[in-house]
Amino acid sequence: MITKTMQNRIHNNKKIRLRGNGYGKTASVSFCYHELDLMETWVELADQSFLSKSGVFKKFLRTESRKLKDTRLSEKSVK
């Protein structure tokens, strides 16, 4: 008899922060040799804001996302 089993989610050792399910995605960021100073800036911004490097990047993306939404709304209102 063959039974189908659901695939179990792999749990990490740390507790999942306030999100509930622990599913998500990861992405890597690459830097060219002539832009390696940006990595140092990234680390410095993380230290200054008491965030992780991914936190700094996500904060930047949230800000840009809001700007993009505002731009789209203003373009719709003009039409």
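Heads up: these notes are all about the structure in this document. (Residues numbered from 1 in each chain as written. Predicted model: local features only at pLDDT ≥ 70, side-chain atom pairs only at ≥ 80, totals over all residues. Heavy atoms only, no water.)

### Structural notes on a nonpolar patch on the surface
So, point 1. Taken together, the side chains of Val 29, Phe 57, Phe 60 and Leu 61 define a hydrophobic patch exposed on the protein surface, amounting to about 350 Å² of accessible area.
So, point 2. If you trace the backbone, Phe 57 turns up in helix H2 (residues 53-78). (Patch = residues over 30% accessible without salt bridge, like charges linked within 9 Å, V, L, I, M, F, W, Y side chains within 5 Å. Areas by Shrake-Rupley, 256 points an atom, 1.4 Å probe, with all protein chains shown as cover. Salt bridge = Lys/Arg side-chain N within 4 Å of Asp/Glu carboxyl O. Helix = DSSP H or I, 4+ residues; strand = E, 2+ residues; numbered from the N terminus.)

### Looking at the packing of aromatic side chains
So, point 1. The final tally for this structure, using the stated rule, is two aromatic pairs.
So, point 2. Where Phe 31 meets Trp 42, the ring centres are 5.9 Å apart and the plane angle is 50°; that geometry is what we call tilted. Taken together, the residues Phe 31 in the segment before helix H1 (36-49) and Trp 42 in helix H1 connect sequence positions 11 residues apart.
So, point 3. Overall, the relative accessible area of 17% leaves Trp 42 in the buried class. (Phe/Tyr/Trp six-rings, centres within 6.5 Å; stacked < 30°, edge-to-face > 60°. Buried < 20%, exposed > 50% of the residue type's maximum accessible area, 1.4 Å probe, protein only.)

### Quick notes on the environment of Ser 52
So, point 1. Within the secondary structure layout, Ser 52 lies in the loop between H1 and H2.
So, point 2. For Ser 52, a relative accessible area of 41% puts it in the partly exposed group.
So, point 3. Ser 52 sits 10 residues away from Trp 42 along the chain, and the two C-alpha atoms are 9.6 Å apart.
So, point 4. Looking at Ser 52, its side chain comes within polar contact range of the side chain of Ser 54, at 3.1 Å. (Polar contact = N/O pair within 3.5 Å; in protein donor to acceptor, adjacent residues only side chain to side chain.)

### Let's talk about unusual backbone geometry
So, point 1. Even without a glycine there, the phi angle at Phe 50 is positive, about 60°.
So, point 2. For Phe 50, a relative accessible area of 76% corresponds to the exposed category.

### Topic: H1
So, point 1. Taking 1.5 Å per residue, 14 residues should reach 20 Å; H1 reaches 21 Å between its end C-alpha atoms and fits that length.
So, point 2. After H1 finishes, the residue Phe 50 shows a positive phi value of roughly 60°. (Expected span 1.5 Å × (residues − 1).)

### Remarks on a negative patch on the surface
So, point 1. Among the surface-exposed residues, Glu 35, Asp 37, Glu 40, Glu 44 and Asp 47 lie close enough to one another that they form a single negatively charged patch.
So, point 2. As for its placement among the helices and strands, Asp 47 is situated in helix H1.
So, point 3. Overall, Asp 47 belongs to the exposed group, its relative accessible area being 55%. (Lys, Arg positive; Asp, Glu negative; His and termini not counted. Charge placed at Lys NZ, Arg CZ, Asp CG, Glu CD.)

### Let's talk about the packing of H1 against H2
So, point 1. Packing of H1 against H2 brings their axes to within 8 Å, and their N-to-C directions diverge by 90°. In terms of their interaxial angle, H1 and H2 are classed as roughly perpendicular. Between H1 and H2, the contacting residues are Trp 42, Val 43, Leu 45, Ala 46 and Ser 49 on the first element and Lys 53, Val 56 and Phe 57 on the second.
So, point 2. Residue composition of the contact of H1 with H2, grouped by class: six nonpolar, one polar and one charged. (Axes fitted to C-alpha atoms, helices over the stretch in contact; angles between N-to-C directions. Parallel < 35°, antiparallel > 145°, perpendicular 65-115°, else oblique. Contact = heavy atoms within 4.5 Å. Nonpolar A, V, L, I, M, F, W, Y, C, P; charged D, E, K, R; others polar.)

Spatial relationships are all this shows, so hold off on functional conclusions.
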